[in-house]
Amino acid sequence: MLHDLVAQYGPLIVFVNVLAAALGLPVPAMPTLVLFGAMATMHPDMIGIQLVPVLLLSVLAAVIGDSAWYLAGRRFGGRTLKTICRLSLSRDSCVKKTEQFFGRWGVRVLAIARFVPGLSLVSVPMAGALGTNYRTFIGYDALGALLWAAVGLLIGLLFAAQIDWLFSSASQFGQVALVLIGALLVLYMSMRWNRRRALLRQLASARIDVDELDRLLHADPARLPVIIDVRTVEHRRLDPFSIPGALFFDERHVRELSQRYPLSQKFVIYCSCPNEVSAALMAKRLADFGFTDALALRGGLDAWRDTGRQVEGATPVEPAPVTPAPKAA
């Protein structure tokens, strides 16, 4: 019987599941917590007494897994974030979104990170990379894990009857139900992947490589391109270097750029994200605003640096407000 299996191995199953999810494996842990909560309601004598131990084991597993990523971030910095984003279906934007969350809320974001898809997996190593004190990290991470696990168990407790009905209905259909669930999962992942590929195709044309940029910088001084670094403040703390002469702007400052430069000005935008998506989106935003020559640097800062070209220190602060250029009489 299922309840016998859960009664005997439930805490171990939950611990392993939560640990695997915290380590970044594609195994959702919330359904396991919900199921355990429902089983605790249906079998209070056998399983209900294990609720508190399961809650504590969930927190322990989450903290162990997160500590591994924290230490990786502390040791390897931004390289850890890039590794994580290669595992994500939303890898082109996951780091930047998390950096923005972290920049606004700091380490406190860990208290709610598990409730936002993808946020926990990136914010944990970012806390390490930014040098967050380990005790502070553990405090907020454990609090977040406790809230998250408690919510999962509580959902199971409150909706035990409905969950039991779902399992009863699924058992009537047998393999058909499993095939349907599998098909829905495949469909979801395919839609996410196709949407991402469509975005990349849309943005792929507006690119310039590092050799061409280097030639432009050594050509006519009167026609030098404006280089824009769209990395977040937090990312510049992790990698405090930039292409010489780069300005720090993002999509929030397009109107300010229009006050300083003519619409014919050439812009080269770079980032340090996969597929240069942040830079390409900025180039598209400039084009939508009326600028006629905005390109993303293929490979971003890493490509520039890997060719041995010069970089300079980047001050990790928000750009100052732009002073409007004087209008011609």
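You'll find the protein chain entered in an unreviewed UniProt entry as Rhodanese domain protein, with Burkholderia gladioli given as the organism. In its Subcellular location (unreviewed entry) section, UniProt records this for the protein chain: "Cell membrane".

(A) Layout of the side chain of glutamine 265. Here glutamine 265 shows up in the loop between α12 (254-260) and β5 (266-270). Within the structure, the side chain of glutamine 265 is placed 3.3 Å from the backbone oxygen of leucine 224, a separation counted as a polar contact. Ignoring sequence-local partners within four residues, the contact set of glutamine 265 consists of Leu224, Pro225, Val226 and Asp293.

(B) Spatial organisation of the pairing of strand β6 (residues 293-297). Most of β6 is tucked away: four of the five residues are buried. As paired strands, strand β1 (residues 207-208) and β6 are joined by two bridges and run parallel to one another. Residue pairing across strands places arginine 207 opposite alanine 296, the latter belonging to β6. Bridging between β5 and β6 involves four bridges; their strand directions are parallel. Among the inter-strand pairings, phenylalanine 267 is bridged to a residue of β6, identified as alanine 294.

(C) Representation of the pairing of β5 in the model. Most of β5 sits out of view: five of its five residues are buried. Bridging between strand β2 (residues 226-229) and β5 involves four bridges; their strand directions are parallel. Bridged to valine 226 within β5 is phenylalanine 267.

(D) Region of interest: the environment of proline 225. Topologically, proline 225 is positioned in the loop between α10 (210-217) and β2. On the basis of relative accessibility, which here comes to 9%, the residue proline 225 falls in the buried class. Sequence separation of proline 225 and valine 268 is 43 residues, and the distance between their C-alpha atoms is 6.5 Å. Setting aside residues up to four positions removed in sequence, proline 225 forms contacts with Leu213, Leu216, Leu217, Gln265, Lys266 and Val268.

Basis of the calculations
- Residues numbered from 1 in each chain as written.
- Predicted model: local features only at pLDDT ≥ 70, side-chain atom pairs only at ≥ 80, totals over all residues.
- Heavy atoms only, no water.
- UniProt positions renumbered as here; feature names shortened; annotations may be inferred.
- Helix = DSSP H or I, 4+ residues; strand = E, 2+ residues; numbered from the N terminus.
- Polar contact = N/O pair within 3.5 Å; in protein donor to acceptor, adjacent residues only side chain to side chain.
- Contact = heavy atoms within 4.5 Å.
- Buried < 20%, exposed > 50% of the residue type's maximum accessible area, 1.4 Å probe, protein only.
- Pairing = 2+ DSSP bridges.

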